[in-house]
Amino acid sequence: MLPEYGRPVNDLLAELTALKAADLPVRGGTVTAYVYDTGRPEVHDAAHRAYAEMLEVNMLDPTAFPSMVALERQVVAAAAELLGRPGAPGIFTSGGTESIMLAVKAARDARPGATRVVLPVTAHPAFHKAAHYLGMEIVPVPVDPVTFRASVPAVEAAVDDRTALVVASAPSYPQGVVDPVEEIAAIAASRGVLCHVDACVGGWLLPWLREAGAAVPPFDLGVPGVTSISCDLHKYGYAPKGASVLLFRDAGLRRRAYFASAAWPGYTIINATVQSSRSAGPLAGAWATLQSLGREGYRELGRTTLEATRRLAEGIRAIPGLRVLGEPETSLVAVAGSPEVDVFVLADEARRLGWFLQPQLSYAGIPANLHITVTGVTLSGVDAMLDVIARSAEAARARGPAAVPDGLPELIASLDLDALDDATFAQLAASVGIDLGPSRVGDAGTGDRGVDGTGLGDGAGPGDGGGQGDGGGPGDGGGMAAVNAVLDALPAETREAILVRFLSVMYA
Ligand SMILES: Cc1ncc(COP(=O)(O)O)c(C=O)c1O
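Below you will find a few notes about this structure.

Conventions used here
- Residues numbered from 1 in each chain as written.
- Predicted model: local features only at pLDDT ≥ 70, side-chain atom pairs only at ≥ 80, totals over all residues.
- Heavy atoms only, no water.
- Helix = DSSP H or I, 4+ residues; strand = E, 2+ residues; numbered from the N terminus.
- Expected span 1.5 Å × (residues − 1).
- Buried < 20%, exposed > 50% of the residue type's maximum accessible area, 1.4 Å probe, protein only.
- Arc of directions from axis to C-beta.
- Contact = heavy atoms within 4.5 Å.
- Core = buried A, V, L, I, M, F, W, Y, C linked by side-chain atoms within 4.5 Å.
- 1 Å grid on protein atoms, 1.4 Å probe; cavity = no way out; pocket = protein on both sides within 12 Å on 5 of 7 lines; lining within 4 Å.
- Points joined across faces, edges and corners; volume = space filled by probe spheres on them.
- Nonpolar A, V, L, I, M, F, W, Y, C, P; charged D, E, K, R; others polar.
- Near = heavy atom within 4 Å.
- Polar contact = N/O pair within 3.5 Å; in protein donor to acceptor, adjacent residues only side chain to side chain.
- Areas by Shrake-Rupley, 256 points an atom, 1.4 Å probe, with all protein chains shown as cover.
- Axes fitted to C-alpha atoms, helices over the stretch in contact; angles between N-to-C directions.
- Parallel < 35°, antiparallel > 145°, perpendicular 65-115°, else oblique.
- Left-handed = near helix turned anticlockwise from the far one by under 90°.
- Salt bridge = Lys/Arg side-chain N within 4 Å of Asp/Glu carboxyl O.
- Pairing = 2+ DSSP bridges.

**Section: helix α3 (residues 66-82)**
Consideration 1: Here α3 contains 17 residues, and its C-alpha end-to-end distance of 25 Å stays within 8% of the 24 Å for a straight helix at 1.5 Å per residue.
Consideration 2: Buried within α3 are the following residues: Met-68, Leu-71, Glu-72, Val-75, Val-76, Ala-79, Ala-80 and Leu-82. Seen from one end, α3 has its buried residues packed into an arc of 165°, which puts them on one side. Residues of α3 that are exposed and point more than 90 degrees away from the buried face comprise Pro-66, Arg-73 and Glu-81.
Consideration 3: Of the surrounding elements, those touching the buried residues of α3 are α2 (41-54), β1 (90-93), α8 (206-211), β7 (244-248) and α10 (281-317).

Given below as structure tokens:
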């Protein structure tokens, strides 16, 4: 509510602190998704201060604020140098999704009439979103069931005259493996089609892992046939959120991503991104992070990340009932369970111990699993993490798999969701033990408002009354296993419809 009279800053900050008490912690390494921690507070502090310094500069008009042009040039140049094509043109964007949106738009506008995007099933949904927004069509291609890398013959078979863009990931998020970029880019080039490498995760990581001794295959703009690449600085660049770089093979393709309009009587619009007015804070935060870590800093973070990933994968393989999916080549580890050890139950148990492991639902023949993003801070706590996973696996074995009420998935799949208003939907959820009431949201201090990989808050689960109550750590995770098990039993379209309804109820 808007107060009648202005409130003092201390009061406001105290309220923010109280609200944040229910959040997952962004530092410390106990949350294995969403956040990237160097373990070096001085780096994050430099970013915060630079962010605040540039917060009010508006990137809407580069002629009005040349400071942002200078910063963007530096950041883009650093990315181009790291990613195989020094001097390549680029755009600083707000994140992976926006970089991907612009790469897809550039491809669409570069090849009028071609409306298809050939996409491995492990690629990020940002491509589906871009296709949805831009009126294009996704042509899904399978991945190898053992390595989880995109199938090259399937890509080859999927490309045709209507293809605007072929995509490879370096790495894909679900199993952290790098698609065969060289082969895929060669297919695209031989058919005169553009090829985007989604290196949102790996762009600012793989080069350092390679220096640390990892066998990283060629994946960047130096590979013949690759025409654009996205690299998120707010992931392994360790910059504050709102920072990604999209690079293009040439300026002509970059111009296809731009948008200009003079079709109104106001100021002329020249936009490099989806957004128009936007703060230069994220750009300055990213620039400061790069400058304050330098090559040496990133090299060291790469080394510790590689060591932590290897130790983690090895440790998990030794835990009965668990297995690692694929061969984690980067810094992402996917842990599958077994009939005896249900990973959704395991995640709840880990949550009870103060750790967040991200559930990933089964899809395209890939089993449900838990995702772990290893970052710079992980190595110092890797034994503690392994201990928590081992204890949680034991507890999950004792509890048994999450039960899906008989007939519930079929019932949900048969519902006409459009015929239900949000209140009825919430009531229906409550009747099967899932509390979606708005009172569950913003309940600072109970420590149970985390968000899991399905987009459902932990507060949505039944029987989570025994939360830690300290407001500082992850919640108790008492009930998400049942919710995840039900979602897992539903087809993807029904999951999506349910998630949209959940979001709508959350903001009711
Ligand atoms: C491979 C990959 N691409 C794109 C994205 C989207 O990035 P963002 O959340 O910054 O929009 C992600 C996010 O995790 C990702 O893992």
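On we go.
**A short note on the nonpolar core**
Soluble globular proteins tend to bury their nonpolar side chains together.
Consideration 1: Core analysis: the biggest nonpolar cluster contains 69 residues, and Trp-204, Phe-219, Leu-233 and Leu-247 have the highest contact counts within it.
Consideration 2: Apart from residues lying up to four places away in sequence, Trp-204 is in contact with Ala-78, Ala-79, Leu-82, Cys-231, Leu-233, Tyr-236, Gly-237, Leu-290 and Tyr-298.
Consideration 3: Grouped together as the second largest cluster of nonpolar side chains are 32 residues, Leu-322, Val-324, Val-343 and Leu-379 included.

**Structural notes on the layout of surface pockets**
Consideration 1: Roughly 520 Å³ of volume is contained in the second largest pocket.
Consideration 2: By residue class, the composition of the lining of the second largest pocket is 14 nonpolar, six polar and four charged.

**A word on the site of the ligand**
Consideration 1: By nearness alone, 13 residues border the ligand, and Gly-96, Thr-97, Asp-198, His-234 and Lys-235 come closest of all.
Consideration 2: The side chain of Asp-232 places a nitrogen or oxygen atom 3.4 Å from an oxygen atom of the ligand.
Consideration 3: The separation between an oxygen atom of the ligand and a polar side-chain atom of His-234 is 2.8 Å.
Consideration 4: Across the complex, the protein chains shield 83% of the 400 Å² of accessible surface that the ligand would expose by itself.

**Regarding the side chain of Ser-331**
Consideration 1: Relative to the helices and strands, Ser-331 resides in the loop between β10 (323-324) and β11 (332-336).
Consideration 2: Under the relative-accessibility criterion, Ser-331 is labelled buried at 0%.
Consideration 3: There is a polar contact of 2.8 Å between the side chain of Ser-331 and the side chain of Tyr-236.
Consideration 4: Residues within four places of Ser-331 in sequence aside, it is in contact with Leu-205, Tyr-236, Thr-305, Thr-309, Ile-372, Thr-373 and Val-374.

**Points about the packing of α10 against helix α12 (residues 382-399)**
Consideration 1: Interhelical geometry of α10 versus α12 gives an angle of 25° and a closest axis separation of 10 Å. On the basis of their axis angle, the class for α10 and α12 is roughly parallel. Judged by the twist between their axes, the crossing of α10 over α12 is right-handed. The segment α10 lies against α12, with Ala-308, Arg-311, Leu-312, Gly-315 and Ile-316 engaging Val-382, Asp-383, Met-385, Leu-386 and Ile-389.
Consideration 2: A per-class count over the contact of α10 with α12 returns seven nonpolar, one polar and two charged.

**Points about the pattern of salt bridges**
Consideration 1: Here the structure, examined in full by the defined rule, presents 23 salt bridges.
Consideration 2: Salt-bridge contacts for Glu-349 lead to Arg-352; the nearest nitrogen and oxygen are separated by 3.7 Å. A residue pair is termed a helical-turn pair when its members lie 3 or 4 positions apart in one helix, as Glu-349 and Arg-352 do in helix α11 (residues 343-352) at three residues.
Consideration 3: Accessibility expressed as a relative area gives 39% for Arg-352, which makes it partly exposed.
Consideration 4: One salt bridge in this structure joins Asp-488 and Arg-495, with 3.8 Å as the shortest N-O distance.
Consideration 5: Connected via shared salt-bridge partners are Glu-300, Arg-303, Glu-307, Arg-311 and Asp-383.

**Concerning the sheet that holds β11**
Within a sheet, neighbouring strands are paired by backbone hydrogen bonds and run either parallel or antiparallel to one another.
Consideration 1: If you walk across this open sheet you meet the four strands as β10-β11-β13-β12, and the pairing is antiparallel. The sheet is open, and its two edges are formed by β10 and β12 (358-360), each paired on a single side.
Consideration 2: Pairing analysis gives five bridges linking β11 to strand β13 (residues 369-373), with the strands arranged antiparallel. For Val-335, the partnering residue across the bridge sits in β13 and is Leu-370.
Consideration 3: Strands β11, β12 and β13 of the sheet are contacted by α11, whose axis makes an angle of about 45° with β13.

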